[in-house]
Amino acid sequence: MTGEELRQARIALALTLDEFARLVRVSSGRTVRKWEDGEREVPGPVAVLVELFLSSPDAWRCRCRMSDMADAFRCKCR
């Protein structure tokens, strides 16, 4: 996955840099920006997660548990 593909996916998912960073459990939005700008390669596991998010947007969208991705997939507030 290229940085531009990651950026387009993040935008399609309506996530800020920091929200996306929390979702994939990296330190900050700066890391995501470096991936998007091509300064660093997008890690394979992140690319896989992005594909999952894009294919199942309703499965994780609830942000009540954004700090823990595992709980985001089985949110109890729906």
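Anything mentioned here points back to the structure above.
Residues numbered from 1 in each chain as written. Predicted model: local features only at pLDDT ≥ 70, side-chain atom pairs only at ≥ 80, totals over all residues. Heavy atoms only, no water.

Visitor: Outline the overall build of the protein, listing residues and values.
Guide: The helix and strand inventory of the protein stands at 6 helices and 0 strands. For the protein, the N- to C-terminal ordering of α and β elements is α-α-α-α-α-α. Counting all 78 residues of the protein, 37% fall into the buried class. About 4700 Å² of surface is accessible on the protein, with carbon and sulfur atoms providing 51% of the total. (Helix = DSSP H or I, 4+ residues; strand = E, 2+ residues; numbered from the N terminus. Buried < 20%, exposed > 50% of the residue type's maximum accessible area, 1.4 Å probe, protein only. Areas by Shrake-Rupley, 256 points an atom, 1.4 Å probe, with all protein chains shown as cover.)

Visitor: So what's going on with the pattern of salt bridges? Residues and values would help.
Guide: Inspection of the entire model under this criterion finds 6 salt bridges. The residue E36 makes a salt bridge to R10 at a minimum N-O spacing of 2.6 Å. With E36 in helix 3 (residues 29-36) and R10 in helix 1 (residues 3-12), the pair connects residues that are 26 residues apart, well separated along the chain. The exposure classification of E36 matches that of R10, with both residues buried. Measuring nitrogen to oxygen at the nearest pair gives 3.5 Å for the salt bridge that ties D37 to R33. (Salt bridge = Lys/Arg side-chain N within 4 Å of Asp/Glu carboxyl O.)

Visitor: For the nonpolar core, give the residues involved together with the corresponding values.
Guide: Residues L6, F20, V24, V32, W35, V46 and V50 are the most contacted members of the largest nonpolar core, which totals 14 residues. Among the secondary structure elements, those contributing two or more residues to this core are helix 1, helix 2 (17-23), helix 3 and helix 4 (44-55). Each residue touching W35, except ones within four places of it in the same chain, is listed here: G3, L6, F20, V24, V26, R40, E41, V42, P43 and V46. (Core = buried A, V, L, I, M, F, W, Y, C linked by side-chain atoms within 4.5 Å. Contact = heavy atoms within 4.5 Å.)

Visitor: Tell me about the environment of F20, and please be specific about residues and values.
Guide: Relative to the helices and strands, F20 is located in helix 2. Those residues in contact with F20 that sit more than four places away from it in its chain are L6, R10, L15, V32, W35, V46 and V50.

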